[in-house]
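As a plain string of letters, each chain reads:
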Amino acid sequence: NAGVTQTPKFQVLKTGQSMTLQCAQDMNHNSMYWYRQDPGMGLRLIYYSASEGTTDKGEVPNGYNVSRLNKREFSLRLESAAPSQTSVYFCASSASPGGAFSYEQYFGPGTRLTVT
Amino acid sequence: AQSVTQLGSHVSVSEGALVLLRCNYSSSVPPYLFWYVQYPNQGLQLLLKYTSAATLVKGINGFEAEFKKSETSFHLTKPSAHMSDAAEYFCAVSGRDSSYKLIFGSGTRLLVRP
């Protein structure tokens, strides 16, 4: 059972370039999340999706877009990367039926992104 | 509003010693509280979760945490540290519905000395 998978594992971008981070889960979970992790700041929610076809902003959505392609996949897009977006990005999923954050979240291994 | 404060960005213990990682929270509603662990170069994994059923919560790998409403605390303990416990630990708080997001503390890195 793969759980939550993320691609790529590492990426280096130049300022202004765009890219899409991919996430997929095979646990039939309704809810999916994107977080960024920066040193000394814990994890901060970028966007989440309570169900297929819905997405909502989290704490730090500026500079990002998301797509809930189907129940399994939730992608994060950086349209014009900036050095401030250098971070480790984690995708997570949960069985929460309505987007509630009180359910256990299952995390992918992360994507380490550097923007120069 | 919700927030989490983890005291101590680094905690160092000897193998076999007590592990105590501190977490204090602020929440305007009855909280759901979590401890997650992150091993190097991996994602986060749930250690334990408080949902008001019992104030002492037992988790995986011998960890437990006690919810103390009067102190707004949810400290994580383990009686005897093992080398494999070396990791970063995150306390997090949320509420009952989707209007209360999962808010993480800044993390505590546990170092275990042989």
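Relevant structure appears above.
Criteria and cut-off values
- Residues numbered from 1 in each chain as written.
- Chains lettered and ligands numbered in written order.
- Predicted model: local features only at pLDDT ≥ 70, side-chain atom pairs only at ≥ 80, totals over all residues.
- Heavy atoms only, no water.
- Contact = heavy atoms within 4.5 Å.
- Buried area = accessible area lost by both parts, 1.4 Å probe.
- Salt bridge = Lys/Arg side-chain N within 4 Å of Asp/Glu carboxyl O.
- Helix = DSSP H or I, 4+ residues; strand = E, 2+ residues; numbered from the N terminus.
- Disulfide = S-S within 2.5 Å.
- Buried < 20%, exposed > 50% of the residue type's maximum accessible area, 1.4 Å probe, protein only.
- Core = buried A, V, L, I, M, F, W, Y, C linked by side-chain atoms within 4.5 Å.

A.B. asks: What is the right way to look at the interface of chain B and chain A in this model?
C.D. replies: A common measure of how large an interface is: the accessible area buried when the components associate. With 22 residues of chain B at the contact, the number on the chain A side is 22 residues. Between chain B and chain A, roughly 1600 Å² of surface is buried when both sides are summed, and carbon and sulfur atoms account for 58% of that area. By the criterion of area lost to chain A, the three top residues of chain B are Leu44, Lys101 and Phe104 of chain B, representing 28% of everything that side buries. Our count for the chain B to chain A interface comes out at zero salt bridges. Every element with two or more residues in the side of chain B that touches chain A is listed here: strand 4 (32-38), strand 5 (44-50) and strand 9 (87-94) of chain B. The dominant element in the side of chain B that touches chain A, judged by the number of residues it contributes, is strand 4 of chain B, at four residues.

A.B. asks: Just checking my understanding: could you explain the state of the cysteines for this structure?
C.D. replies: Throughout this description, disulfide means a covalent bond between two cysteine sulfur atoms. Residue and element names in this part refer to chain A. For the structure shown, the criterion picks out two disulfides over all chains. A sulfur-sulfur separation of 1.8 Å characterises the disulfide bridge that pairs Cys23 with Cys91. Residues Cys23 and Cys91 are joined by a disulfide whose S-S torsion is about -70°; by sign, that bridge is left-handed. With Cys23 in strand 3 (residues 19-25) and Cys91 in strand 9 (residues 87-94), this pair connects stretches of sequence that are 68 residues apart. Note on Cys23: relative accessible area 3%, which makes it buried.

A.B. asks: I keep staring at the nonpolar core and nothing clicks. Help me out?
C.D. replies: Soluble globular proteins tend to pack their nonpolar side chains together in the buried interior. Trp35, Phe74, Leu76 and Tyr89 of chain B are the most contacted members of the largest nonpolar core, which totals 27 residues. Those elements giving two or more residues to this core turn out to be strand 2 (10-14), strand 3 (19-26), strand 4, strand 5, strand 7 (64-68), strand 8 (73-78), strand 9 and strand 11 (108-113) of chain B. Setting aside chain neighbours within four positions, we find Leu76 of chain B in contact with Val19, Leu20, Leu21, Trp35, Leu47, Leu48, Phe63, Glu64, Ala65 and Tyr89 of chain B. Membership of the second largest hydrophobic core comes to 20 residues, among which are Val4, Leu76, Leu113 and Val115 of chain A.

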